[in-house]
Amino acid sequence: MNWETVADYAALSQRAAEILLAAIRSDPRLVLGLPTGRTPVGMYERVVAECAREYHCFRDVTTFNLDEYVGPSREYYHFMKRNLFDHIDIDPANAHIPDGAAPDLQAECIRYERDIDSAGGLGLTFLGLGGNGHIAFNEPGTPFASRTRVVELAEETRAANATPSTHAITMGIGTILGSHAIVLLAGANKRDALERLRGGEVTEAFPASALWRHPNVQVLVSAPFSL
Ligand code: GLP
């Protein structure tokens, strides 16, 4: 696991955007795993600004979002349109988000896993970090081998995200670990979770610790958290 601390949130966003765009330049047909939440907003802003200058930035890129709430709100779908998809040249058919409003959620989860496979698997996946160590919506106790499925949200996650939703569709930890490379983004407000991750104990009680099992993980944190 490669740890990197940058000065502040602006630097975190800049660095993350650079990593994302460099990956697309070296593989224009990249398959990205993408997060929502407050942390990646600045990264998306910079990616949008940069792609306004570059020809065909996302033309051949495929994306898979990590998760979505169950219910009609499609909150993360709207978040992604607002923050990224409406401003780049991605083919909407290649921008995947689990459909939390699907009539058959079970079938939707199976379809999502199949779509990731058909795209050739995840190439580079960006993650945020929950205060309780969750990645995507994989709450403490999630088996590391888990795949895309419907989950119940922890009380503290609902409070942190100010959501009325009680359930979500999420990629599993096993799905995420299948990504060729992973970048975890965390602001200084995730200090406790970062310290626990840094401690190195690998346990299903702390989902992000699964990342120690992966050979290509970069953790990007902003000061004042220091290594
Ligand atoms: C939500 C998302 C996670 C994200 C987490 C952290 O629970 N489902 O994927 O990592 O929030 O969010 P934030 O960046 O807002 O702290």
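For the structure, see preceding data.
To keep things clear, this report deals only with the structure shown in the data block. Everything numeric here is computed off the predicted structure, so don't read it as measured data. (Residues numbered from 1 in each chain as written. Predicted model: local features only at pLDDT ≥ 70, side-chain atom pairs only at ≥ 80, totals over all residues. Heavy atoms only, no water.)

### A few points about the pattern of salt bridges
Piece 1. Scanning the entire structure with this criterion turns up ten salt bridges.
Piece 2. Its salt-bridge partner being Glu-108, residue Arg-111 comes within 2.8 Å of it at the nearest N-O pair. Here Arg-111 pairs with Glu-108, and both are found in helix H4 (residues 105-118), just three residues apart, close to one helical turn.
Piece 3. Here Arg-147 ties to Glu-113 by a salt bridge, and the two come within 3.1 Å at their closest N and O atoms. Here the residue Arg-147 occupies a position in the loop between strand S6 (124-127) and strand S7 (149-152), and Glu-113 occupies one in helix H4, the gap between them amounting to 34 residues.
Piece 4. Glu-113 sits in the buried class, given a relative accessible area of 13%.
Piece 5. Linked through salt bridges whose partners overlap, the residues forming this network are Glu-4, Arg-15 and Glu-18. (Salt bridge = Lys/Arg side-chain N within 4 Å of Asp/Glu carboxyl O. Helix = DSSP H or I, 4+ residues; strand = E, 2+ residues; numbered from the N terminus. Buried < 20%, exposed > 50% of the residue type's maximum accessible area, 1.4 Å probe, protein only.)

### Topic: the sheet that holds strand S4 (residues 67-69)
Piece 1. If you walk across this open sheet you meet the three strands as S4-S8-S7, and the pairing is antiparallel. Two strands bound the open sheet, and with one partner strand each, they are S4 and S7. Geometrically, the sheet is characterised by an average inter-axis angle of 30° between neighbouring strands, direction not taken into account. (Pairing = 2+ DSSP bridges. Axes fitted to C-alpha atoms, helices over the stretch in contact; angles between N-to-C directions.)

### Overview of unusual backbone geometry
Piece 1. For Arg-74, which is not a glycine, the phi torsion comes out positive at approximately 45°.
Piece 2. On the basis of relative accessibility, which here comes to 31%, the residue Arg-74 falls in the partly exposed class.

### Brief notes about the packing of helix H1 (residues 9-26) against helix H2 (residues 41-51)
Piece 1. With their axes 8 Å apart at the nearest point, H1 and H2 run at an angle of 50° to one another. The orientation of H1 relative to H2 falls into the category oblique. Both H1 and H2 take part in a crossing whose hand is right-handed. Contacts from Tyr-9, Ala-10, Ser-13, Gln-14, Ala-16, Ala-17, Leu-20, Leu-21 and Arg-25 in H1 reach Val-41, Gly-42, Met-43, Arg-46, Val-47, Glu-50 and Cys-51 in H2. (Parallel < 35°, antiparallel > 145°, perpendicular 65-115°, else oblique. Left-handed = near helix turned anticlockwise from the far one by under 90°. Contact = heavy atoms within 4.5 Å.)

### What to know about the site of the ligand
Piece 1. The environment of the ligand is formed by Gly-37, Arg-38, Thr-39, Asp-67, Tyr-76, Gly-128, Leu-129, His-134, Ala-136, Phe-137, Asn-161 and Lys-190.
Piece 2. Tyr-76 has a polar side-chain atom sitting 3.3 Å from a nitrogen atom of the ligand.
Piece 3. Within the complex, the protein chains bury 96% of what would otherwise be the 390 Å² of accessible surface of the ligand.
Piece 4. Residues of the shell around the ligand, tallied by class, amount to four nonpolar, five polar and three charged. (Near = heavy atom within 4 Å. Polar contact = N/O pair within 3.5 Å; in protein donor to acceptor, adjacent residues only side chain to side chain. Areas by Shrake-Rupley, 256 points an atom, 1.4 Å probe, with all protein chains shown as cover. Nonpolar A, V, L, I, M, F, W, Y, C, P; charged D, E, K, R; others polar.)

### Digging into the sheet that holds strand S5 (residues 95-96)
Sheet strands pair by backbone hydrogen bonding; their relative direction is either parallel or antiparallel.
Piece 1. Pairing is parallel in the open sheet, where seven strands are placed in the order S1-S10-S9-S6-S2-S3-S5. Here the strands that pair on one side only, and so sit at the sheet edges, are strand S1 (2-6) and S5.
Piece 2. Inspection of the sheet shows S6 paired to strand S9 (residues 181-186) by four bridges, in the parallel sense. For Leu-127, the partnering residue across the bridge sits in S9 and is Leu-184.

### A closer look at the nonpolar core
Piece 1. The biggest cluster of nonpolar side chains holds 34 residues, and the ones touching the most others in it are Leu-20, Leu-32, Phe-58 and Phe-126.
Piece 2. Listing elements by their share of this core, those giving two or more residues are H1, strand S2 (31-34), H2, helix H3 (75-83), S6 and S9.
Piece 3. Of all the elements, H1 adds the most residues to this core, at eight residues.
Piece 4. Residues in contact with Leu-20, not counting those within four places in the same chain, are Leu-32, Leu-34, Met-43, Val-47, Phe-58, Leu-124 and Phe-126.
Piece 5. Counting residues in hydrophobic clusters, the runner-up holds 28 residues, among them Tyr-112, Ile-173, Leu-194 and Val-221. (Core = buried A, V, L, I, M, F, W, Y, C linked by side-chain atoms within 4.5 Å.)

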